[in-house]
Structure formats: C-alpha cells, structure tokens
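Take a look at the letters that make up each chain.
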Amino acid sequence: MSKTKILIFIAASVFIFSASVFLGPKAINPFALTGTDREIIFLIRLPRAIVAALMGIALGASGAVLQGILRNPLADPYILGISSGAALTAALGLLSGLFFFGNLSLPLTAFIGAFFASIIVGSFGWRRGGIWPDRLLLAGVGLSFLFYSVLMLLISISSDEGMRRALLWIFGDLSIADWSLIPYGFLLIIAGLYLSVSRAKALNALMLGDELAHSLGFSVNRERLLLFVSVALMTAASVSLGGTIGFIGLIIPHIVRFFIGADNRIVIPVSAICGGAFLCMADLIGKSVMAPIEIPSGIVTAIIGSPYFLYLLRRRDVLNL
Amino acid sequence: MSLTYSYSRSILEMENVRFSYLKDKKFINNLTFSIGNGEFIGLLGANGSGKSTILKLASGILKPSEGHIKLWGKPLHSFKNKDRAKLLCYLPQLLDINLPFRVAELVNMGLYPYDIPPQITVDEALEMVGLKEISESYITNLSGGERRRTFIAMTLLQGSGILLLDEPLANIDVKYQIEILKLLKELKEKKDISIIMALHDINIALHFEKVMLIKDGRILGFGNPETVLTADLIKEAFDVGIEIRKQESGRAYISYENNF
C-alpha cells in the first residue's frame, strides 16, 4: 500500500526533474536535439536542475529531521539561524568584493557562515551533556534575528550591483548554478542524508519524547547530536549552493507524513525526493512565467507554499496540532 | 540467566540513593529498597512527593548523586543502553504524541533494542492488550486508555521483565483504569513481569499486593496495604485526615466523609 505511494512519489519526481530540463523559456524536444539544444541542456539546464534537486533534497530531509528532534511541527531548517549566518557571510563577500575563488567564492563564503552559525546555535542549545530542543529553537530564533539585522544593515548602507545580487541570493538564486558546484554539494548532502537516514529509528523514538527514547535503549544526547549534525550539514550545503529557499523544509515533510505516516525511515528519504522535485518545479515556474525575467525560486516556493501551508493549518487533522 | 535460578533474587535495588534537581536541596534522600521478581508494587504519594523521580532514577533517565542502583545485581549504569532496554522499560505519565504514527508502527518500536527479534509479534502483543482491530489506526485518534494500552503492547515487544509506569491511570475514565489494571495483573501472572507503578489514588492502592508510601523523597512505609496504609501514615503522606473503613467483605476503603 505505502510502497505504491512511494513509487508514485518517485515517478512524479523523475517526471518533474525531466520537465525542468526540457521545458523553460524555450521548450526542447528530447527526441530531436539540435547542437544548440545540447549546449543549453548540458551547460545551463542540467546543472541548474541538479543543483535545484540537491538543494530541495537537503531541505526536505533536514526539515523532516528537525521537526522530529525539536518535536515541533513548525520547525524548518532555517529556524536555527544556519541560513541567516550563511546569508550574512555571503552578503559580506558580495558587497566587499573579496572573492578569490571564482565561481566557488559565493558558496564557500556562505558555507563558512553556515558552519559557524551551526556551531554557535549548537553551543547555545547545549546544556548538561546534550542538546535541549527548546534551547536550540530559541537560540536559533534569536541568532536569526541578529544575523538578519546585521545583513539588513549591510544592505542598507551599500548601493551597487552587489546589493542586488545579495538580495536575489537571499531569496534563492539558482542562476549561478554550474557544474563546478555539484560534486561538493552532492558529497555534503549525501553524507547528511545518509547520517539522518541511518539514525531514523532513533528519531522515531525521540519523537515519542526523551524518556521513551531512553527506555527504548537509545542514548538520547548522542542521537540528537548526530541528527543535529546531519541537519547542519544539509542546510549549510543547500544554502551555499543557491541561497535561502523557504518553505520546502517546512511543508514537504508534512505533506509526506500526511500520505505515508510518521515513520522516519520512510519520511526522511521521501521528503528528500519530494523536496528535490518541488524545487525543480518552482525553478521551472520561476524562469518561465515572466521570461526573460527570472523570479527567484525562494519567492516561487513561498508564493505556492504559504497558501498551501495556511490551508493545512486550517485542517487541524492533517498537522495534528 | 534462567528465571528459576534468579527467582528469589532482588531484580531492582536502591541503596542509599540521593538525588536533587537543585544544588544544596536534597530531593531524594537516602532511599533504600529492593524489589523481587514478579512483584506488583504501587508507588503511592502526594503530588511532588518524588514518585516520578524514583521511577526515573530506577530507569536510568536520572543518575543518582550518591548511592547505588542495581539491576539484576549489576550496577544499572554499567549496562549498555540496548541491554538495559531489554530488561527494563519505563513509560512516562504523558504520552502526548502528535504525529501520525499507526498503532502497529508504535508497537513495533519495541523491537528497536534488538538485532534479532524476539518470539512475540506485533499482532500477538496487540491481541494481548485488546487492540488488534485498530492496529492500523493513527495514535492521534485514540482515547487515553487505548494510547496507554498501545504503549503497554510496545513494552511487550521490548520483552523487558520490569515495567516502570508513571501514573498510568491518570486522566482516564474509571472504565479504562480498570481495564489497564486488569491487563497489568494479567501480564504479571502470565508473563512473570514485575511492575512498579506510581499512583495517587489511595483506594486503588488498597487493592495492591504491595505498596510503597512516599513523602518528600523518603519511604514512609513499604509492604502490604494493611500495614502501610494506616490512617496515621496516610495523614503524614497526604497531609489530610481520612478515615479507613472496612466493607462487609473485610476490604478496606477510605472515606472522605468528614472532610467536606
């Protein structure tokens, strides 16, 4: 029963991924490729679709994990301040023009910010040998505000092309995607995904509460730390690939649970697949509807995502709030 | 370890255990007791008397600041988490799960400590607690009593011989209270499971074989209800004067008659 549903999710995702490669401002017939078509696909569309898929995979999976470790259905990967830390350092880089690594400069500076933000939020959430979910959540909210206000300060006192890029990037900018980013993003995201799926049983137990998780034979502090590391890895990698794209981490895990239940051994991988497909779709819409102007994917996901999320909130039985 | 060999041994022991949540303020003070195999014990005390803390210490969730806790004669904290989980199981008072887990999925989590699953299946466990018909229901749609039974079924899969239950009768109707007490009694008799459960209803405690009366983290009395639940000790434990009466059958019950 749920196997069929999972197959449907996978098939739909593959379909959306292919659509985002072949459709766009210029539709390409995959059965009659011209030389230009090949160039468009291999130089622009395919790397961009892969980056979108990787980012969505990371956001979907880390959202599912984070909602579990925080025991909070409204958690999303950005609530921890990891993304705003990344946004801050990326903007610093963009505005100062101190980019020494070519195409890799922006992802690299973003990753540095995400990395330090993870350590800061993790250490604020740390108490008596473990991460405390409520402390982690509040520390994340506090840090996000701090990082964003410094970011806004930077943007408000600068006035050039760097600012426009920084703003675009904050809302998710996939136009910088090229092949050079993919191996690095792929490795980090697959490592995080593997870590989280390998701890899925522990996450199930943690969702029942720390005491039951302990009673079921799990080391609560150790498991929560490993799961936090997996979230930090995936979020940092995703943000540094293409900016902060909202709502995927929040909504996708809820939709997946609605269809297939709460078992994280299935929820995490299926949220990953669906997150990837959703971002591919959002990117396709963003680059097509107002072509040649591109709408940043983060705005598209939020415009589709927010109303759907509000609708879910109205249907209390879905979220079980 | 064969059950016959260890039948008379104490399975859970506390020796001079001290614990405090805040520094300089002892909460559990010099607690010493020992529980034998197959016992069904009611842990009785007023709110804040330390019942939950004692269960959390016994399950290893909290660590004592002084003293020793032994499980089957071995220090509790020397067990690996998974090995301890096979011997001892704790269910908290609140089972507020707000995620769409199905009953059978939750029960199956009892197998998490095992690499090789034990003999009992999810279906058998659900049959035992009388929830087989609703094994595919979501836990969020169940009543408090059904939830409690779901988690008891989980402990059956977990296969631990010691069950520590924090207020399993709180906030559920009397019908389900009776159901759960019957189920626990059946588990004790059929599966030789030892049970320690916290409760605060004196009338229910009067029906237990053995009662431990707690106040301020100390044991006021431990033994059969007739000797422990005297009017004097109850007054001390609950800070209220009540009268213990006898029914025609000889069973004791408490009366609130002169308190209103």
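Below: a short report on this structure. None of these values were measured; they are calculated from a predicted model.

**Thoughts on the sheet that holds strand β2 (residues 28-36) of chain B**
Residue and element names in this part refer to chain B. Spatially, four strands are ordered β2-β1-β4-β5 in an open sheet, and the strand pairing comes out antiparallel. The open sheet has two edge strands with one neighbour each: β2 and β5 (74-75). Where strand β1 (residues 10-19) lies against strand β4 (residues 66-71), five bridges are found, and the strand directions are antiparallel. Counted as the bridge partner of E15 is H68 from β4.

**A look at the interface of chain B and chain A**
Taken together, the contact pairs 31 residues of chain B with 21 residues of chain A. At the boundary of chain B with chain A, total buried surface from both sides reaches about 2,400 Å², with 59% on carbon and sulfur atoms. Counting across the interface, chain B meets chain A through one salt bridge. A salt bridge links E211 of chain A to K56 of chain B, with the nearest nitrogen and oxygen atoms 3.1 Å apart. Seen at the junction of chain B and chain A, the total is nine residue pairs in polar contact (both at pLDDT 80 or more).

**Quick notes on the environment of A61 of chain A**
Summarising the element assignment, A61 of chain A is placed in helix α2 (residues 35-69). The spatial distance from the C-alpha of A61 of chain A to the C-alpha of G275 of chain A is 7.6 Å, given a sequence separation of 214 residues.

**Quick notes on a nonpolar patch on the surface**
Residue and element names in this part refer to chain A. Residues L108, I112, F115, F116, I119, I120 and F124 make up a contiguous nonpolar surface patch of roughly 640 Å² in combined accessible area. With respect to the helices, strands and loops of the structure, I120 is situated in helix α4 (residues 105-125). Judged by relative accessible area, which is 33%, I120 ranks as partly exposed.

**A look at the pattern of salt bridges**
Scanning the entire structure with this criterion turns up 17 salt bridges over all chains. A salt bridge links R222 of chain A to E223 of chain A; the nearest nitrogen and oxygen atoms lie 3.5 Å apart. Judged by relative accessible area, R222 of chain A falls into the partly exposed class, the value being 47%. Look at E223 of chain A and you get buried, because its relative accessible area is 4%. A salt bridge links K188 of chain B to E209 of chain B; the nearest nitrogen and oxygen atoms lie 3.7 Å apart. With K188 of chain B in helix α7 (residues 174-191) and E209 of chain B in the loop between α8 (202-205) and β9 (210-215), this residue pair connects regions lying 21 residues apart in the sequence. With relative accessibility at 15%, the residue K188 of chain B sits in the buried group. Shared partners join several salt bridges into a network, and the residues in it are R48, D283, K287 and E294 of chain A.

Parameters and conventions
- Residues numbered from 1 in each chain as written.
- Chains lettered and ligands numbered in written order.
- Predicted model: local features only at pLDDT ≥ 70, side-chain atom pairs only at ≥ 80, totals over all residues.
- Heavy atoms only, no water.
- Pairing = 2+ DSSP bridges.
- Helix = DSSP H or I, 4+ residues; strand = E, 2+ residues; numbered from the N terminus.
- Contact = heavy atoms within 4.5 Å.
- Buried area = accessible area lost by both parts, 1.4 Å probe.
- Salt bridge = Lys/Arg side-chain N within 4 Å of Asp/Glu carboxyl O.
- Polar contact = N/O pair within 3.5 Å; in protein donor to acceptor, adjacent residues only side chain to side chain.
- Patch = residues over 30% accessible without salt bridge, like charges linked within 9 Å, V, L, I, M, F, W, Y side chains within 5 Å.
- Areas by Shrake-Rupley, 256 points an atom, 1.4 Å probe, with all protein chains shown as cover.
- Buried < 20%, exposed > 50% of the residue type's maximum accessible area, 1.4 Å probe, protein only.

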